[in-house]
Amino acid sequence: MANICLLLLGAPGVGKGTQAKLLMDSFGMCQISTGEILRKEIRNKSSLGEIAKKYINDGLLVPDEYVIKMIDNELCDRNIIFDGFPRTLEQAKALDKILAQKNKKLNIVLNIVLDKEKIVKRLSGRLTCSSCAKSYHVEYDKPSKEGICDLCSSALYQRADDNEESINKRLQEYENKTKPLVEFYKGKNILLDIDGDDEALNIFNNISKIINKEIESYA
Ligand code: AMP
């Protein structure tokens with residue numbers, strides 16, 4: 001039985017979360033989104049949440065020591081999608097070690113690519129569901145009922161870090177700290193580029209083909 005670990009890589013706003021949700025539904029994969037875990041910690045006012053809040057709202061990465069510690073508890077026995085982790089070389093090396101201890105490894109890294117201009121447009125108009133984290137857009141992906149999630153009927157909100165200043169800082173952090181992972185995974189021969197400038201469902205179809213191929217190679 002294939003045991004796939006997939007990483008969705010790419011700048012903030014390229015659609016990693018949207019694709020992760022679609023993959024969870026279709027392939028029964030579990031999603032590990034460090035951003036969602038950290039936002040939950042903030043809502044619960046935990047000590048980690050209090051630390052993370054400042055970094056997140058300022059558009060900065062939360063220090064590696066906190067984020068790496070979170071991962072161990074999140075691993076499941078099903079196929080896994082890593083969404084937003086790792087984001088630094090140190091995190092990537094730590095993930096390799098954590099997975100090796102569980103006889104797992106990253107099989108595929110999908111690098112979703114999109115122009116900066118389009119990313120800024122997407123993020124500055126993004127609305128997120130407060131419960132299931134599905135995202136919408138105020139102009140080109142509106143929910144059927146204003147302010148309400150189509151999937152779970154919970155309230156939509158604008159993330160505190162989806163403002164112009166934080167968006168620019170997040171993109172800078174991506175360039176400095178996360179982009180080097182592209183070369184890191186290219187070197188391991190597991191990275192594929194995905195065009196992020198398309199409808200979510202078309203991107204999902206492309207990704208599904210890649211995953212099905214990987215699953216078949218284990219059959
Ligand atoms: P995301 O929901 O993936 O866009 O993440 C939102 C914010 O959470 C990021 O801008 C970071 O401040 C923080 N964050 C999420 N994942 C990580 C990570 N792997 N390393 C450091 N900070 C992270």
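Notes on the structure in this doc start here. (Residues numbered from 1 in each chain as written. Predicted model: local features only at pLDDT ≥ 70, side-chain atom pairs only at ≥ 80, totals over all residues. Heavy atoms only, no water.)

Considering the packing of helix α2 (residues 34–43) against helix α3 (residues 47–57)
- Where α2 meets α3, the closest approach of the two axes is 8 Å, and the angle between their N-to-C directions is 115°. For the element pair α2 and α3, the recorded crossing hand is left-handed. Of α3, the residues touching α2 (which contributes Leu 38, Glu 41 and Ile 42) are Leu 48, Gly 49, Ala 52, Lys 53 and Ile 56.
- The class makeup of the residues in the contact of α2 with α3 is five nonpolar, one polar and two charged. (Axes fitted to C-alpha atoms, helices over the stretch in contact; angles between N-to-C directions. Helix = DSSP H or I, 4+ residues; strand = E, 2+ residues; numbered from the N terminus. Left-handed = near helix turned anticlockwise from the far one by under 90°. Contact = heavy atoms within 4.5 Å. Nonpolar A, V, L, I, M, F, W, Y, C, P; charged D, E, K, R; others polar.)

Structural notes on the state of the cysteines
- Scanning the entire structure with this criterion turns up one disulfide.
- One disulfide bridge connects Cys 30 with Cys 76, the sulfur atoms lying 2.0 Å from each other. In this structure the cystine formed by Cys 30 and Cys 76 twists about its S-S bond by roughly -80°; its chirality is therefore left-handed. Linking Cys 30 in strand β2 (residues 30–33) with Cys 76 in the loop between α4 (64–71) and β3 (80–83), this pair joins segments that are 46 residues apart in sequence. (Disulfide = S-S within 2.5 Å.)

Observations regarding the sheet that holds strand β5 (residues 126–129)
- On the basis of which strands lie adjacent, the open sheet formed by three strands has the order β6-β5-β7 and antiparallel pairing. The open sheet has two free edges, formed respectively by β6 (135–137) and β7 (156–157), since each of these has just one partner strand.
- With three bridges joining them, β5 and β6 adopt antiparallel strand pairing. If you follow Arg 126 over to β6, its bridge partner there is His 137. (Pairing = 2+ DSSP bridges.)

Notes on the site of the ligand
- The local shell around the ligand holds 16 residues, among which Thr 34, Arg 39, Leu 60, Gly 84 and Arg 87 are the closest.
- Interatomic distance of 2.6 Å between a backbone N/O atom of Leu 60 and an oxygen atom of the ligand.
- Here an oxygen atom of the ligand sits 3.1 Å away from a polar atom, N or O, in the side chain of Arg 159.
- Taking 480 Å² as the accessible area of the ligand by itself, protein coverage stands at 95%.
- Broken down by element, the shell around the ligand gets its largest block of residues, four residues, from α2.
- Classifying every residue of the shell around the ligand by side-chain character gives seven nonpolar, four polar and five charged. (Near = heavy atom within 4 Å. Polar contact = N/O pair within 3.5 Å; in protein donor to acceptor, adjacent residues only side chain to side chain. Areas by Shrake-Rupley, 256 points an atom, 1.4 Å probe, with all protein chains shown as cover.)

Things to note about unusual backbone geometry
- Backbone torsion omega between Phe 85 and Pro 86 reads 0°, so that peptide bond is classified as cis.
- Backbone geometry at Ala 133 places phi at a positive 70°, although glycine is not the residue there.
- A positive phi angle is found at Ser 153, which is not glycine, with a value near 65°.
- Assignment of secondary structure puts Ser 153 in the loop between β6 and β7.
- Under the relative-accessibility criterion, Ser 153 is labelled exposed at 56%. (Buried < 20%, exposed > 50% of the residue type's maximum accessible area, 1.4 Å probe, protein only.)

Thoughts on the packing of α4 against helix α5 (residues 89–101)
- The interhelical angle for the contact between α4 and α5, taken along N-to-C directions, is 25°, at an axis separation of 10 Å. When the axes of α4 and α5 are compared, the pair comes out roughly parallel. Handedness of the crossing formed by α4 with α5: right-handed. Counting all contacts with α4, which are made through Asp 64, Val 67, Ile 68 and Ile 71, the residues of α5 involved are Glu 90, Gln 91, Ala 94, Leu 95 and Ile 98.
- Grouping the amino acids of the contact of α4 with α5 by side-chain chemistry returns six nonpolar, one polar and two charged. (Parallel < 35°, antiparallel > 145°, perpendicular 65-115°, else oblique.)

Let's talk about the pairing of strand β4 (residues 108–113)
- Counted residue by residue, β4 has five buried out of six residues, so it is predominantly covered.
- As paired elements, β4 and strand β8 (residues 191–195) share five bridges and run parallel to each other. Residue pairing across strands places Leu 110 opposite Leu 192, the latter belonging to β8.

Coordinates in, geometry out; function isn't part of it.
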